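Okay, here's what each chain looks like letter by letter:
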Amino acid sequence: MKAAVYERYGPPDVVQIQDVEKPSPADNEVLIRVRAASVNPADSHLMEGKPYVGRIVFGLRKPKLTRPGFDVAGQVEAVGKNVTRFKPGDEVFGSSRGSFAEYVCTPESKLVLKPPNISFEQAASVPVAAYTALQGLRDKGHIRPGYKVLINGAAGGVGTFAVQIARAFGAEVTGVCSTRNVDLVRSLGAARVIDYTREDFTQGDQRYDLIFDLVANHSLPACRRIMTPKGAYIGAGVLGLSMFHLPFRLLAVALLSRSAGQTFVNLMAKSNQENLATMYQLLKDGKVTPVVDRCYPLSEAAEAIRYLAEGHARGKVVIIIDSSRHP
Ligand SMILES: NC(=O)c1ccc[n+]([C@@H]2O[C@H](COP(=O)([O-])OP(=O)(O)OC[C@H]3O[C@@H](n4cnc5c(N)ncnc54)[C@H](OP(=O)(O)O)[C@@H]3O)[C@@H](O)[C@H]2O)c1
């Protein structure tokens with residue numbers, strides 16, 4: 001079968017499409033014929049081996065993980081003998097390492113059925129982005145109906161889910177994005193949209209119960225000034241920071257973790273069965289609709305990773321895998 005593979009750290013050019021052995025499922029695993037997979041910033045971070053400190057875990061001289069892709073949607077082809085929730089033919093989505101490939105095996109606990117009202121491309125865009133938004137807003141930010149929530153980076157993969165999830169929880173959402181994305185963010189349910197090319201959100205009079213920050217381009221004192229006395233700052237992303245500054249930001253958030261009633265948290269989201277089940281329901285009920293920016297064929301996986309790494313995707317970037325072309 002075909003799969004995207006890289007054998008050394010570097011820019012997206014290191015990704016090649018190779019013939020690799022088709023996997024077979026362990027007892028608790030499901031073999032999926034992949035129909036679509038989505039790209040996340042983590043794919044390029046791992047591929048480039050940055051920040052360098054990460055190489056202590058992911059391989060000092062060359063990467064231990066050589067197959068990009070975390071999110072998958074497709075059709076069950078076979079199941080291990082202990083699998084009870086899925087059968088061949090089921091349409092599923094969830095988490096799987098190395099999902100830029102024609103087939104993957106993943107534990108059944110990392111999958112849910114695909115709601116029939118969304119496409120494989122939309123389903124593949126859900127896992128990492130949606131559980132980051134869900135864990136940030138609900139589990140760490142304790143979002144409630146009526147909360148005033150600011151989402152910095154509202155037009156990207158995580159942001160487009162965060163706006164809709166915050167709305168689904170009854171919050172009043174302010175989204176921050178550039179001019180060309182103002183209409184998109186408003187259409188997702190944001191009551192207010194701040195165009196960061198014209199206005200600095202930390203300079204307004206509005207106070208927020210929850211700031212969900214995917215960009216980290218404003219100082220913590222500036223964010224603190226616009227938080228309510230019991231407000232929370234959830235730092236989830238670093239789109240506006242260099243890798244050099246990243247450790248300092250994480251340290252600053254950690255040092256402030258609970259200061260005079262306000263909460264500061266660095267989010268490290270993890271794949272989670274309950275989150276997928278929650279997303280299944282939100283998607284099925286039409287409360288969340290994934291926003292897919294661009295789709296690329298597997299042969300252009302490197303281009304898809306490069307496009308996302310430019311930092312201006314509108315929603316998610318998806319890789320479509322058509323294994324009928326490689327029987
Ligand atoms: N903590 C975790 O567990 C976790 C999990 C997943 C992702 N993340 C991180 O979260 C961040 C977002 O991930 P993602 O998948 O959403 O990335 P993404 O899809 O690449 O985000 C792109 C979006 O960021 C927006 N953006 C760029 N600069 C901005 C600025 N100065 N102000 C406001 N928006 C800006 C862009 O909007 P414009 O084109 O309008 O500028 C674009 O729509 C990344 O840093 C990622 O590494 C963390």
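Nothing here was measured: the structure is a model prediction, and the numbers come from that model.

About the criteria used
- Residues numbered from 1 in each chain as written.
- Predicted model: local features only at pLDDT ≥ 70, side-chain atom pairs only at ≥ 80, totals over all residues.
- Heavy atoms only, no water.
- Helix = DSSP H or I, 4+ residues; strand = E, 2+ residues; numbered from the N terminus.
- Rg over C-alpha atoms; globule rule 2.2 N^0.38 Å.
- Buried < 20%, exposed > 50% of the residue type's maximum accessible area, 1.4 Å probe, protein only.
- Contact = heavy atoms within 4.5 Å.
- Areas by Shrake-Rupley, 256 points an atom, 1.4 Å probe, with all protein chains shown as cover.
- Lys, Arg positive; Asp, Glu negative; His and termini not counted.
- Charge placed at Lys NZ, Arg CZ, Asp CG, Glu CD.
- Core = buried A, V, L, I, M, F, W, Y, C linked by side-chain atoms within 4.5 Å.
- Domains from an automatic or database assignment.
- Arc of directions from axis to C-beta.
- Buried area = accessible area lost by both parts, 1.4 Å probe.
- Salt bridge = Lys/Arg side-chain N within 4 Å of Asp/Glu carboxyl O.
- Near = heavy atom within 4 Å.
- Polar contact = N/O pair within 3.5 Å; in protein donor to acceptor, adjacent residues only side chain to side chain.
- Nonpolar A, V, L, I, M, F, W, Y, C, P; charged D, E, K, R; others polar.
- Pairing = 2+ DSSP bridges.
- Axes fitted to C-alpha atoms, helices over the stretch in contact; angles between N-to-C directions.

## Focus: the overall build of the chain
Next, step 1: Helix and strand counts for the chain come out as 10 helices and 16 strands.
Next, step 2: What you see for the chain is a C-alpha radius of gyration of 20 Å, in line with the 20 Å of a compact globule of 327 residues.
Next, step 3: Along the three orthogonal principal directions, the C-alpha set of the chain runs to about 60 × 45 × 35 Å.
Next, step 4: For the chain, the residues scored as buried account for 53% of the 327 residues in total.
Next, step 5: Across the chain, every contact between residues at least 6 apart in sequence was considered, and the portion connecting residues at least 24 apart equals 68%.
Next, step 6: As presented, the chain carries roughly 14700 Å² of accessible surface, and 53% of it is formed by carbon and sulfur atoms.
Next, step 7: Measuring between centres, the 40 positive side-chain charges of the chain sit 5 Å from its 31 negative side-chain charges.

## Observations concerning the nonpolar core
Next, step 1: Counting 48 residues, the largest nonpolar core has Leu137, Ile151, Phe161, Ile165, Phe212 and Met279 as the members making the most contacts within it.
Next, step 2: A total of six residues in this core trace back to one element, the largest contributor, which is helix α5 (residues 157-168).
Next, step 3: Both domain 1 (2-126 + 290-325) and domain 2 (129-266) contribute no fewer than three residues apiece to this core.
Next, step 4: Sequence-distant contacts of Leu137, that is, excluding residues within four places in its chain, are made with His142, Ile143, Val149, Ala162, Ile165, Ala166, Leu210 and Phe212.
Next, step 5: Core analysis: the next-biggest nonpolar cluster, separate from the first, contains 34 residues, Val30, Leu111, Leu298 and Tyr307 among them.

## Details of the environment of Arg258
Next, step 1: Checked against the element boundaries, Arg258 lands in strand β13 (residues 258-259).
Next, step 2: Between the alpha carbons of Arg258 and Ala232 there is a distance of 9.3 Å; along the sequence they are 26 residues apart.

## Focus on helix α8 (residues 246-255)
Next, step 1: Among the residues of α8, Leu246, Arg249 and Val253 are the ones counted as buried. End-on, the buried residues of α8 take up no more than an arc of 65°, which puts them together on one face. Counted as exposed and oriented over 90 degrees from the buried face of α8: Phe248 and Leu255.
Next, step 2: As for α8, its buried residues are in contact with β11 (208-213), α7 (220-225), β12 (227-235) and β14 (262-266).

## Things to note about the domain arrangement of the chain
Next, step 1: Taken domain by domain, the chain holds domain 1 (2-126 + 290-325) and domain 2 (129-266).
Next, step 2: Each partner contributes to the roughly 1200 Å² buried at the junction of domain 1 and domain 2, and carbon and sulfur atoms together form 60% of this total.
Next, step 3: Broken down residue by residue, the surface that domain 1 buries against domain 2 is led by Val126, Val291 and Arg314, which jointly contribute 39%.
Next, step 4: Counting every contact that joins domain 1 to domain 2 gives zero salt bridges.

## Overview of the site of the ligand
Next, step 1: As a structural note, the neighbourhood of the ligand is formed by 30 residues, with Ser178, Tyr196, Leu267, Ala269 and Ala313 the closest of them.
Next, step 2: A distance of 2.8 Å is found between an oxygen atom of the ligand and a backbone nitrogen or oxygen belonging to Ala269.
Next, step 3: Counting only elements with at least two residues in the shell around the ligand, the list comes to α1 (41-48), α4 (127-140), α5 and β9 (172-177).
Next, step 4: Grouping the constituent residues of the shell around the ligand by class yields 17 nonpolar, 12 polar and one charged.

## Looking at the sheet that holds β13
Next, step 1: Pairing is mixed in the open sheet, where seven strands are placed in the order β10-β9-β8-β11-β12-β14-β13. Each end of this open sheet is capped by a strand with a single partner; those strands are β10 (192-195) and β13.
Next, step 2: As paired strands, β12 and β14 are joined by four bridges and run parallel to one another. Paired with Ala232 across the two strands is Thr263, which belongs to β14.
Next, step 3: Where α4 meets the sheet, it contacts β8 (148-152), β11, β12 and β14, and its direction lies at approximately 155° from that of β11.

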